[in-house]
Amino acid sequence: MSLICFLRAVYETGRVPVDDPDTPLETSATEVDALLAAFDVRARDELAFTAPAFIPEAARWSAALMYRGCQALVFRRLDEPAVKEMLGASCPTPHSSGVIYSVDLMLRVLPELATMARAVAENDVLVGELRRIGAAWPLSSVGMPQIAANQLDQDALEIIMRDRSLRQLYLDRVIARRDRSRLERTDVRDGVRQAIGMYEELWPLP
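Rules of the game
Residues numbered from 1 in each chain as written. Predicted model: local features only at pLDDT ≥ 70, side-chain atom pairs only at ≥ 80, totals over all residues. Heavy atoms only, no water. Buried < 20%, exposed > 50% of the residue type's maximum accessible area, 1.4 Å probe, protein only. Helix = DSSP H or I, 4+ residues; strand = E, 2+ residues; numbered from the N terminus. Arc of directions from axis to C-beta. Contact = heavy atoms within 4.5 Å. Phe/Tyr/Trp six-rings, centres within 6.5 Å; stacked < 30°, edge-to-face > 60°. Axes fitted to C-alpha atoms, helices over the stretch in contact; angles between N-to-C directions. Parallel < 35°, antiparallel > 145°, perpendicular 65-115°, else oblique. Left-handed = near helix turned anticlockwise from the far one by under 90°. Nonpolar A, V, L, I, M, F, W, Y, C, P; charged D, E, K, R; others polar. Salt bridge = Lys/Arg side-chain N within 4 Å of Asp/Glu carboxyl O. Core = buried A, V, L, I, M, F, W, Y, C linked by side-chain atoms within 4.5 Å.

Some details on helix 6 (residues 110-120)
Of the positions making up helix 6, those classed as buried are Leu-110, Pro-111, Leu-113, Ala-114 and Ala-117. Seen from one end, helix 6 has its buried residues packed into an arc of 160 degrees, which puts them on one side. Buried-residue contacts for helix 6 involve helix 3 (56-74), helix 5 (97-107), helix 7 (125-136) and helix 9 (164-177).

Structure (structure tokens):
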């Protein structure tokens, strides 16, 4: 199955079809980028303030990563080296507000994928790889309690908290998923407290 079919199915139905990992991941950058641009438009409509720039290369990398992660979840015959190779490629572009936003277009489902992986086998290599990815991309991994606050990429967090749109999205997720581990940062805790305002009794903060 091509990455195009995967993205089209996710966009239209929310379902995740995957093919055998031995099948080449056929893709066309032009068509993939067009589909990812549709995810971008949908996401922008739901964000506060002005979202960062869409970076196709980063979004494309994230889409392939999530596809491979779903394959590793479904095809349990894969050994540790194979899973690490599938998920080990680094993002081709360095962290920036646009890159973090673009990666999150697909990586935002990382917590759900991690939950399913843990349900299958808590100590599986896939769980460890998803945790590693989540630590590198803190915007996308809110709600993954197995990641300690000191494991999060602090440079990425600084970028998130400096960008008005990403900051609001991050705080909204921390509140929605009640991820107390993220409250260890003073600016995050203060932002959450300000967002909750007079309704703090709904989620008492430390």
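More follows now that the structure is in view.
Topic: the packing of aromatic side chains
This structure, assessed with the given rule, holds 2 aromatic pairs. Plain terms: the ring middles of Phe-6 and Tyr-67 are 4.9 Å apart, the flat faces sit at 70 degrees to each other, and that makes the pair edge-to-face. Of the two residues, Phe-6 is situated in helix 1 (residues 3-13) and Tyr-67 in helix 3; the sequence distance between them amounts to 61 residues. The pair formed by Phe-6 and Tyr-67 is uniform in burial state, with each residue classed as buried. An angle of 45 degrees between the planes, with centres 5.7 Å apart, marks the rings of Trp-61 and Trp-137 as tilted. Here Trp-61, found in helix 3, pairs with Trp-137, found in the loop between helix 7 and helix 8 (154-162); they are 76 residues apart in sequence, far enough to count as distant. For Trp-61, a relative accessible area of 13% corresponds to the buried category. You can call Trp-137 buried: its relative accessible area is 7%.

Comments concerning helix 5
By the criterion of burial, helix 5 is predominantly enclosed, with 10 of the 11 residues buried. Looking only at helix 5, the buried set comprises Gly-98, Val-99, Ile-100, Tyr-101, Ser-102, Val-103, Asp-104, Leu-105, Met-106 and Leu-107.

Brief notes about the packing of helix 3 against helix 4 (residues 80-87)
One way to put it is that helix 3 packs onto helix 4 with a least axis distance of 9 Å and a crossing angle of 160 degrees. Considering their axes alone, helix 3 and helix 4 lie roughly antiparallel with respect to each other. Here the hand of the crossing between helix 3 and helix 4 comes out left-handed. Between helix 3 and helix 4, the contacting residues are Leu-65, Arg-68, Gly-69, Gln-71 and Ala-72 on the first element and Val-83, Met-86 and Leu-87 on the second. Considering only residue class, the contact of helix 3 with helix 4 consists of 5 nonpolar, 2 polar and 1 charged.

So, the packing of helix 4 against helix 7
Where helix 4 meets helix 7, the closest approach of the two axes is 9 Å, and the angle between their N-to-C directions is 25 degrees. In this view, helix 4 runs roughly parallel relative to helix 7, as classed from their interaxial angle. Between helix 4 and helix 7 lies a crossing of right-handed hand. Together, Glu-80, Val-83, Lys-84 and Leu-87 of helix 4 and Val-125, Leu-126, Glu-129, Arg-132 and Ile-133 of helix 7 make up the contact between the two elements. In terms of residue class, the contact of helix 4 with helix 7 is made up of 5 nonpolar, no polar and 4 charged.

A short note on the pattern of salt bridges
Under the counting rule described, the total for this entry stands at 12 salt bridges. Here Glu-80 and Lys-84 are joined by a salt bridge, their closest N and O atoms 3.2 Å apart. Taken as a pair, Glu-80 and Lys-84 lie in helix 4 at a separation of 4 residues, close to a single helical turn. Between Arg-193 and Asp-190 there is a salt bridge, with its nearest N and O atoms 3.8 Å apart. With Arg-193 and Asp-190 both in helix 10 (residues 186-196) and 3 residues apart, the pair spans about one turn of that helix.

Focus: the nonpolar core
In this structure, Leu-7, Leu-36, Trp-137, Tyr-170 and Val-192 are the most contacted members of the largest nonpolar core, which totals 69 residues. The leading source of residues in this core is helix 3, at 10 residues. The contact partners of Trp-137, leaving out residues within four places of it in the chain, are Trp-61, Cys-91, His-95, Val-99, Ile-100, Val-103 and Leu-107.

Considering unusual backbone geometry
Excluding glycine, residues mostly have negative phi values, and the peptide bonds linking residues are mostly trans. Phi at Phe-49 takes a positive value of approximately 65 degrees, unusual for a residue other than glycine. Summarising the element assignment, Phe-49 is placed in the loop between helix 2 (29-45) and helix 3. Phi at Arg-178 takes a positive value of approximately 50 degrees, unusual for a residue other than glycine. Positionally, Arg-178 belongs in the loop between helix 9 and helix 10.

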